[in-house]
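Listed below are the residues making up each chain.
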Protein chains: 2
Amino acid sequence: MLPSLSGATRIHLIVGDPVAQTKSPAGLTREFSARGVDAVCIPMQVAPADIDAFMAAARRVQNIDGIVVTVPHKLAATRHCDLLSERSRALAAVNAMRREPDGRWSGDMTDGVALVAALRAAGVAPEDRRALVVGVGGAGSAVALALAEAGARVAVHDIDAARRDELVRRLAGWSIAVGSADPAGHDLVVNATPLGMAAGDPLPVDAAKIAPGAVVADLVTKPAVTPLLAAARERGAQIVTGEDMFTPQAGILADFLLAGRA
Amino acid sequence: MLPSLSGATRIHLIVGDPVAQTKSPAGLTREFSARGVDAVCIPMQVAPADIDAFMAAARRVQNIDGIVVTVPHKLAATRHCDLLSERSRALAAVNAMRREPDGRWSGDMTDGVALVAALRAAGVAPEDRRALVVGVGGAGSAVALALAEAGARVAVHDIDAARRDELVRRLAGWSIAVGSADPAGHDLVVNATPLGMAAGDPLPVDAAKIAPGAVVADLVTKPAVTPLLAAARERGAQIVTGEDMFTPQAGILADFLLAGRA
């Protein structure tokens, strides 16, 4: 059940294609309500060919205060921000936009921040961790940068070596190096590949080399305990699931979206 | 309280400027819920300069099924419909649009239909009534046409005679004639002017000439019983208030908006 909806309710959108699976309409609206803010988050399914015209129109709607951006529009959204956070610029991606009091729109990329928050919630401080992030797509890139911002020394690995090297080059200002599928020497391992979603997937890293004292996190949400997490737990490692990572997300997005209110 | 909101909830908009005062977000969403439809009605405040770009973008959003249009966008909305009802074309106005199963958008103008429904709910059949509609702005024009469609013989009056004559010309296919501020000979009188909202407003018609057996309706909602209605009641006429007319509106809009679903 949701709070009331009236003509005066402030509007936030989540824009993606598809959108039916997104949790933000329920999660963010509940978060707004818990903070006493009369606002809702509404799904908008916009095809890639339509995204530029849609964003140009949406940012001029006077009761829209924020826009959450999901796949496949995170790059396109950067073109519709007047102000981009340093990490959004570095990642060429935006997952949240808000209207500032002066009318300009600012964009940020908080996907990786949720993992850092989930780690802290699990009692794991990222500072000085030697982290290995496997998979440097949108989510992995954001996680690698958020961990580096939080003080970890990060290595990244991807089966596409060119994509991995390109990310390391692009994020040259942060402590991010080229890694491999070997987790030896790392006390934090994050799977940001889809491996583990399908039965019979190979493990994203050589699980036999995970240190017993390490922390292993997986962005895959189904199954909650992936084969990688099961193997890590068996070796005595602490695990953080994809679901753990999604828990803080609504709060992080609400913090960003509501900060623009005059 | 509202039903649940998820990524799969279907979206209807109400587009206006301003929108904070509109009742459709609450009323229509409640109506959808009562019909077991997982859909919400969301307010969108769009400035006149932005309406064409907005409508062009909104009609391509794949989970938007309908758009309610209010002041000042009812004329502009006609440009964004692939199909217009006969009355929308005649009035050059649209108050509701829906996506048809084939992807085209159709538009209708149901503002006047609500008055006819309110009359019927009050036990007043419009067929063969001799109706006088005073004020031929957007609402008055729609009411005059809806009454004529329902079988009444309608006369219209406006202090702007040119505007009145232009409406009679435009609606030449229906039983709509030029009237005056004299309600004698009419057994249904509708005030569609703003007169009665402000203390000290003159009455829109000569109340002393209202027949005791007549029905008098007023589109003004505040006060609920306007000076015209008070005078009419005193003369023994039956009255229908602006609030009575708004009661059936959500149901009429929902009927139209949901008829497009494949």
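Residues numbered from 1 in each chain as written. Chains lettered and ligands numbered in written order. Predicted model: local features only at pLDDT ≥ 70, side-chain atom pairs only at ≥ 80, totals over all residues.

Per the secondary structure count, chain A includes 10 helices and 12 strands. Here the C-alpha radius of gyration of chain A, 19 Å, is about what a compact globule of 262 residues would show, namely 18 Å. Split into buried and exposed, the 262 residues of chain A put 52% on the buried side. (Helix = DSSP H or I, 4+ residues; strand = E, 2+ residues; numbered from the N terminus. Rg over C-alpha atoms; globule rule 2.2 N^0.38 Å. Buried ≥ 20, exposed ≤ 12 C-beta atoms within 10 Å, placed from the backbone.)

Residues and elements named next belong to chain A. Here Ala-131 lies in strand 7 (residues 130-134). With 28 C-beta atoms counted inside 10 Å, the residue Ala-131 sits in the buried group. Separated by 67 residues in sequence, Ala-131 and Ile-64 have C-alpha atoms that sit 39 Å apart. Ignoring any residue separated from it by four or fewer positions in sequence, one finds Ala-131 in contact with Leu-147, Ala-152, Arg-153, Val-154, His-186, Leu-188 and Val-190. (Contact = placed C-beta atoms within 7 Å.)

Where helix 2 (residues 51-58) of chain A meets helix 2 (residues 51-58) of chain B, the closest approach of the two axes is 9 Å, and the angle between their N-to-C directions is 135°. When the interaxial angle is binned, helix 2 of chain A and helix 2 of chain B end up oblique. Like other packed secondary-structure pairs, helix 2 of chain A and helix 2 of chain B cross with a definite hand, here left-handed. In contact with Ala53(A), Phe54(A), Ala56(A) and Ala57(A) of helix 2 of chain A, helix 2 of chain B contributes Ala53(B), Phe54(B), Ala56(B) and Ala57(B). Residue composition of the contact of helix 2 of chain A with helix 2 of chain B, grouped by class: eight nonpolar, no polar and no charged. (Axes fitted to C-alpha atoms, helices over the stretch in contact; angles between N-to-C directions. Parallel < 35°, antiparallel > 145°, perpendicular 65-115°, else oblique. Left-handed = near helix turned anticlockwise from the far one by under 90°. Nonpolar A, V, L, I, M, F, W, Y, C, P; charged D, E, K, R; others polar.)

This brings us to the environment of Val240(A). Residue and element names in this part refer to chain A. Mapped onto the elements, Val-240 comes out in strand 12 (residues 238-240). By the C-beta count within 10 Å, which is 22 here, Val-240 ends up buried. For the pair Val-240 and Val-124, spaced 116 residues apart in sequence, the C-alpha to C-alpha distance is 9.7 Å.

Before going further, it helps to spend a moment on the sheet that holds strand 11 (residues 215-218) of chain A. Residues and elements named next belong to chain A. Read across the sheet, six strands follow the order 9-8-7-10-11-12 without closing on themselves; strand pairing throughout is parallel. Because the sheet does not close on itself, it has two edges, and the strands there are strand 9 (176-178) and strand 12. When strand polarity is set aside, the average angle formed by the axes of neighbouring strands in this sheet is 20°. As paired elements, strand 7 and strand 10 (residues 188-191) share four bridges and run parallel to each other. Opposite Leu-132, over in strand 10, you have Val-189 as the bridge partner. On top of the sheet, helix 7 (residues 161-170) reaches strand 8 (153-157) and strand 9; it is set at about 150° to strand 9, its chief contact. (Pairing = 2+ DSSP bridges.)

This next bit is on the relation of the copies chain A and chain B. Between the two copies of the chain lies a rotation about an axis combined with a shift along it. Of the transformation placing chain A onto chain B, the axial shift is 0.0 Å and the rotation is 180°, giving an RMSD of 0.0 Å. Both copies are brought into coincidence by an operation consistent with a two-fold rotation axis. (Least-squares fit on C-alpha atoms with pLDDT ≥ 70 in both.)

Residues and elements named next belong to chain B. If you walk across this open sheet you meet the six strands as 9-8-7-10-11-12, and the pairing is parallel. The open sheet is flanked by strand 9 (176-178) and strand 12 (238-240), the only strands paired with a single partner. Taking the axes of each pair of neighbouring strands and ignoring which way they run, one obtains an average angle of 20° across the sheet. Those strands touched by helix 6 (residues 138-149) are strand 7 (130-134), strand 8 (153-157), strand 9 and strand 10 (188-191), and its axis lies near 170° from that of strand 7.

Before going further, it helps to spend a moment on the interface of chain A and chain B. Every contact between the two is made by 32 residues of chain A and, on the other side, 32 residues of chain B. No other element matches the five residues that strand 2 (residues 39-45) of chain A contributes to the side of chain A that touches chain B.

Quick look at the nonpolar core now. Ranked by size, the top nonpolar core spans 170 residues in total, and within it Val133(A), Leu147(A), Val133(B) and Leu147(B) carry the most contacts. Beyond its immediate stretch of four places on either side in the chain, Leu147(A) contacts Val116(A), Pro126(A), Ala131(A), Val133(A), Ala152(A) and Val154(A). (Core = buried A, V, L, I, M, F, W, Y, C linked by C-beta atoms within 7 Å.)

All names here are of chain A. Structurally, chain A comprises domain 1 (10-109) and domain 2 (112-246). Distance from the C-alpha centre of domain 1 to the C-alpha centre of domain 2: 27 Å. Between domain 1 and domain 2, the contact holds six residues from the first and seven residues from the second. It is helix 4 (residues 86-91) that contributes the most residues to the side of domain 1 that touches domain 2, three residues altogether. Here the side of domain 1 that touches domain 2 is built from residues that sort into four nonpolar, no polar and two charged. (Domains from an automatic or database assignment.)

Once that is clear, we can look at helix 6 of chain B. Helical geometry: 3.6 residues make up each α-helical turn, so side chains three or four residues apart lie on a common side. Residue and element names in this part refer to chain B. An ideal rise of 1.5 Å per residue puts 16 Å on 12 residues; helix 6 measures up with 17 Å between its terminal C-alpha atoms. Taken across its 12 residues, helix 6 has 11 buried, putting it largely inside the fold. The complete set of buried residues in helix 6 reads Gly-138, Ala-139, Gly-140, Ser-141, Ala-142, Val-143, Ala-144, Leu-145, Ala-146, Leu-147 and Ala-148. Where helix 6 ends, the next residue or the one after it, Gly-151, has phi of about 105°, a positive value. (Expected span 1.5 Å × (residues − 1).)

The next point concerns the environment of Ala162(B). You can see Ala162(B) is positioned in helix 7 (residues 161-170). Sequence spacing of Ala162(B) and Ala58(B) is 104 residues, and the spatial spacing of their C-alpha atoms is 36 Å.

This paragraph deals with the pairing of strand 5 (residues 96-99) of chain B. Remark: a regular strand shows side chains that alternate across the two faces of the sheet. Residue and element names in this part refer to chain B. By the alternation rule, side chains of strand 5 split into Ala-96 and Arg-98 and Met-97 and Arg-99, which are all buried. Bridge analysis of strand 3 (residues 64-69) against strand 5 gives three bridges, and the strand direction is antiparallel. Across the sheet, the residue bridging to Gly-66 is Arg-98, located in strand 5. Here strand 5 pairs with strand 6 (residues 105-108) via four bridges, running antiparallel. If you follow Ala-96 over to strand 6, its bridge partner there is Asp-108.

What follows concerns helix 10 (residues 249-258) of chain A. Here helix 10 of chain A has its buried residues at Gln249(A), Ala250(A), Leu253(A), Ala254(A), Phe256(A) and Leu257(A). Buried residues of helix 10 of chain A, viewed axially, fall in a sector of 165°; they line one side. (Arc of directions from axis to C-beta.)

Looking now at the packing of helix 5 (residues 111-121) of chain A against helix 6 (residues 138-149) of chain A. All names here are of chain A. At a minimum axis separation of 7 Å, helix 5 and helix 6 run at an interaxial angle of 55°. For the element pair helix 5 / helix 6, the angle class is oblique. The handedness of the crossing between helix 5 and helix 6 is right-handed. From helix 5, Asp-111, Gly-112, Val-113, Leu-115 and Val-116 reach across to helix 6, where they touch Ala-139, Ala-142, Val-143, Leu-145, Ala-146 and Leu-147.

On to the confidence of the model for chain A. Atomic detail in the predicted coordinates should be set aside for any region of low pLDDT. In this model, chain A carries an average pLDDT of 95, and 98% of its residues clear a pLDDT of 70 or more. Scored by ipTM, the complex comes to 0.89, with pTM at 0.91. (pLDDT = per-residue confidence, 0-100.)

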